[in-house]
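Spelled out from the first residue to the last, the chains are:
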Amino acid sequence: MGRIIQLSKNVINQIAAGEVIERPSSVVKELVENSIDAGAKKITIDLSNECRNIRVADNGSGIFPDDIILAFSKHATSKIKTGEDLYNIKTMGFRGEALASIISISKLTCITRTKDSDTGIKVECENSEVKQAKTGCAVGTIMEIKDLFYNLPARLKFLKSVKTEYAYVSELIQSLALVNNSIAFELKNNGKTTIKTTGQGDLSIVMKELFQEDISKNFKKVERTDNISGLKIYGFVSKPNYTRASKKDYYMYVNSRIVKCPVIQKSIDTVYKNLIPNLRHPFIVLNLEIPPEDVDVNVHPTKKEVRYKNTNQIFNFIYSAVNEALSEKEIKIFLKNQTDNAPQMRLVENKPFDEVSESDKDTILIESGCSIDELFRQTQKKLETVKEFPKKIYEPPKQQSFVNQEKFIQPILREEDVIIGQYKKTYILIEKEEGLEIVDQHIAEERYIYEQLKRTKNIDSQLLFVSDVIEISPTDKEILETNREKLCKFGYEIDFLSDNEAIFRKIPQILSKISPKEILADILEHISGDIDNIEEQILITTSCKAAVKANTYLNPFQMQEIIRNWRTCEMPYTCPHGRPISHIIEHKDLAKFFQRNK
């Protein structure tokens, strides 16, 4: 073994660069984040020479002349001063490593001026050596990198193709533009603009500028604040019928910092679990704001990993916010005799909704499939101007199943729901203002039954006096015995005649017309492959079996009932298996096909 020596400054910086600078996009990230920290309102990035030449120009605050040499030194930064500042980080950068690492693996020229300086400063760096001179320039900073990795041929060898490396940069700028929507970004490749945003401070506008124009109709807005914990989340999530094949379009941020956060990802995946098909993923843009002292961003040199003081709180907050955003159930209460100070709410008598007097219906208008007490609980928080609420509005009979609860409040068809008829005895056709809506009758009713079963505590069962003997395997028996209580909770009671024979004593009332053999086969098929999620699979199986089947003739009244019920669903986009429920052929497309748009 050789003697121990002190490494040179340049070698030390090259070693550090291996952690901070992986590829051209890493350089762009560090420089653009510096521009953001400098308060820039316009940032232009131009790449050339196979992404090895990088120019980043901004109109930010610039670098003070006295600080310019220090800016390129190792662990020199304006972002923090003491160790305590690490627990209150409010900027993108803070380590003071980026510029020192970049000048060790490239030839860098920096031109910068502050508003208080009459002239600018031009700095040239190569092999960690820094030279400076005065120059004329506008307020702001221009960083120009040439021949990235020119002195690290091994690193050059591991770069991907030019298209791939540029794609990394493009995805990065998209991510930064989404969360910094008050900044105008422009990305150029060899002088040709590929990304341009206007910096109007509106996330929906930036999404349209970066993606397709009509993207807004496929998204739901997420916005929630918890004043006690200081948590706030804002952004958009795609409807369950608008999915992607990968998680590439998970744009996640913590305090406007791009992160790879398993907690956020897990909360999103949990919400969508029974809304989208397997191997499909939503499109999300979410920024979580959290008090800096409750999150640690000093985990990894790339600053993409974070740790939370209270992980469960973060998970539940995000889950609730996204779940609420995706809910389609609109509940409206209109109050009579409303004054600015104290709106009044009169009691509704204990009777079915269709027997409530017209004056009471004028007092409380309900566009929902839930009972009145559920409605009151859901809207109580929203009526902030109400000084005093009545202690009780309505109390339905106890142990009421969802089937019987329908008599208390009948959901209503939307005014625009004009049912034309049935196609192939499988699809219900609805005329809407924007076009023709096609609804799968089985999936629509399955979603409705699933949601009703999920929120019901007592599912009505039917006792079977005579039941077929069903052959099962010893493994099946073990699964059923282990989960006997869970099956009983959802209305199933099974007895075992032997290790290979079983009979149903009870089944859910809504499955009274289904063959017990068919029911058990479906239960076993689903729960045996998902031991950790058995209750959910039982619910899904039950709702699927109870729903009207495809290729079944429906009269107009039956079609209306299915659509009416489906409209009350909180998540009306897909069935519990993730299949889409409806599809709209827009009128403009029909008109275009028949050449009626002239």
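Below, the structure is looked at part by part. (Residues numbered from 1 in each chain as written. Predicted model: local features only at pLDDT ≥ 70, side-chain atom pairs only at ≥ 80, totals over all residues. Heavy atoms only, no water.)

So, about the packing of helix α2 (residues 24–37) against helix α6 (residues 162–179). Between α2 and α6, the least distance of the axes is 9 Å, while the angle of their chain directions is 25°. It follows that α2 is roughly parallel to α6 by the angle criterion. Classified by chirality, the crossing of α6 by α2 is right-handed. Contacts between α2 and α6 involve P24, S25, V28, K29, V32 and I36 from the former and E165, Y168, V169, L172, I173 and L176 from the latter. (Axes fitted to C-alpha atoms, helices over the stretch in contact; angles between N-to-C directions. Helix = DSSP H or I, 4+ residues; strand = E, 2+ residues; numbered from the N terminus. Parallel < 35°, antiparallel > 145°, perpendicular 65-115°, else oblique. Left-handed = near helix turned anticlockwise from the far one by under 90°. Contact = heavy atoms within 4.5 Å.)

Taken as a whole, this structure holds 15 salt bridges when the rule is applied. Note that R224 and E324 form a salt bridge whose closest N and O atoms lie 4.0 Å from each other. Highlighted residues: R224 in strand β9 (residues 219–226) and E324 in helix α9 (residues 311–326), separated in sequence by 100 residues. Looking at E324, the relative accessible area reads 45%, which means it is partly exposed. Of the charged contacts, one joins E437 and R567 as a salt bridge, the two residues approaching to 2.9 Å between their closest N and O atoms. Here R567 lies in helix α18 (residues 556–567) and E437 lies in strand β18 (residues 435–440), a separation of 130 residues in the sequence. This pair shows no difference in class: E437 is buried, exactly as R567 is. Within the structure, one salt-bridge network assembled from shared partners comprises K217, E586 and K588. (Salt bridge = Lys/Arg side-chain N within 4 Å of Asp/Glu carboxyl O. Buried < 20%, exposed > 50% of the residue type's maximum accessible area, 1.4 Å probe, protein only.)

To continue, consider the sheet that holds strand β5 (residues 129–135). One open sheet accounts for eight strands, arranged β5-β4-β3-β6-β2-β1-β7-β8; its pairing is mixed. Strand pairing shows two members of the sheet lacking a second neighbour, β5 and β8 (192–196), which therefore form its edges. Recorded for the sheet is a direction-independent mean angle of 15° between the axes of neighbouring strands. Bridge count for strand β4 (residues 120–126) against β5 is seven bridges, and the pairing is antiparallel. Note on β5: the bridge partner recorded for I121 is K134. Relative to the sheet, α2 contacts β1 (42–48), β2 (53–58), β6 (140–146) and β7 (184–189), its axis offset from that of β2 by approximately 10°. (Pairing = 2+ DSSP bridges.)

A few words now on helix α8 (residues 262–272). Looking only at α8, the buried set comprises V263, I264, S267, I268, V271 and Y272. Take α8 and look down its axis: the buried residues cluster within an arc of 165°, on one side only. The outward face of α8, more than 90 degrees from its buried face, is lined by the exposed residues P262 and K266. Where α8 is buried, its residues meet β10 (231–238), β11 (250–254), β13 (284–289), β15 (307–308) and α9. (Arc of directions from axis to C-beta.)

Let us look at helix α14 (residues 474–482). Residues D476, K477, I479 and L480 constitute the buried set of α14. Within α14, the buried residues cover an arc of 165° as seen down the axis, which keeps them to one side. Exposed residues lying more than 90 degrees from the buried face of α14 are P474, T475, E478 and T482.

What follows deals with the nonpolar core. Ranked by size, the top nonpolar core spans 57 residues in total, and within it V32, I45, F72, I173, L178 and F185 carry the most contacts. At eight residues, α6 tops the list of elements feeding residues into this core. Among all residues touching F72, those that are not within four sequence positions of it are L99, A100, I103, L108, C110, V123, C125, V130 and M143. Core analysis: the next-biggest nonpolar cluster, separate from the first, contains 43 residues, V439, I472, L524 and L554 among them. (Core = buried A, V, L, I, M, F, W, Y, C linked by side-chain atoms within 4.5 Å.)

To continue, consider the pairing of strand β17 (residues 427–432). As judged from the five bridges shared by strand β16 (residues 418–423) and β17, these two strands associate in the antiparallel manner. Following the sheet pairing, Q422 is matched in β17 by I428. Counting the residues between successive antiparallel strands, the hairpin from β16 to β17 contains three residues, one of them, K424, with a positive phi of roughly 55°. Two strands pair when backbone bridges link them, and β17 and β18 are joined in this way by six bridges, in the antiparallel orientation. When the sheet's bridge partners are listed, I428 is paired in β18 with V439. Linking two consecutive strands that pair antiparallel, namely β17 and β18, is a turn of two residues.

Another point: the packing of α6 against helix α7 (residues 203–210). It is at 9 Å that the axes of α6 and α7 come closest, and there the two elements cross at 160°. Taken together, the axis directions place α6 and α7 in an arrangement best described as roughly antiparallel. As α6 runs across α7, the sense of the crossing is right-handed. Together, Q174, A177 and L178 of α6 and L203, V206, M207 and L210 of α7 make up the contact between the two elements.

Our next topic: a nonpolar patch on the surface. Side chains of I585, L590, F593 and F594 sit close together on the surface and give an oily, nonpolar patch of about 410 Å² of accessible area. In this structure, L590 sits in helix α19 (residues 587–593). (Patch = residues over 30% accessible without salt bridge, like charges linked within 9 Å, V, L, I, M, F, W, Y side chains within 5 Å. Areas by Shrake-Rupley, 256 points an atom, 1.4 Å probe, with all protein chains shown as cover.)

The final tally for this structure, using the stated rule, is ten aromatic pairs. Measuring from ring centre to ring centre gives 5.2 Å for F211 and F283, while their planes differ by 85°; the resulting arrangement is edge-to-face. Of this pair, F211 sits in the loop between α7 and β9 while F283 sits in the loop between α8 and β13; the two residues are 72 residues apart in sequence, bridging distant segments of the chain. Seen from their ring centres, F593 and F594 are 5.0 Å apart, and the 90° between their planes marks the pair as edge-to-face. Here the aromatic residues F211, F219, Y242, Y251 and F283 are joined through ring pairs into a cluster of three or more. K107 extends its terminal NZ or CZ atom over the ring of Y150, reaching a point 4.9 Å from the ring centre. (Phe/Tyr/Trp six-rings, centres within 6.5 Å; stacked < 30°, edge-to-face > 60°. Lys NZ or Arg CZ within 6 Å of the ring centre and 35° of its normal.)

On to the sheet that holds β13. Spatially, five strands are ordered β9-β10-β13-β11-β12 in an open sheet, and the strand pairing comes out mixed. Strands at the two margins of the open sheet, each flanked by one partner only, are β9 and β12 (257–258). Bridge count between β11 and β12: two bridges; the pairing is antiparallel. In the sheet register, V254 faces β12, and the bridge partner there is R257.

Read these as geometric descriptors, not functional statements.
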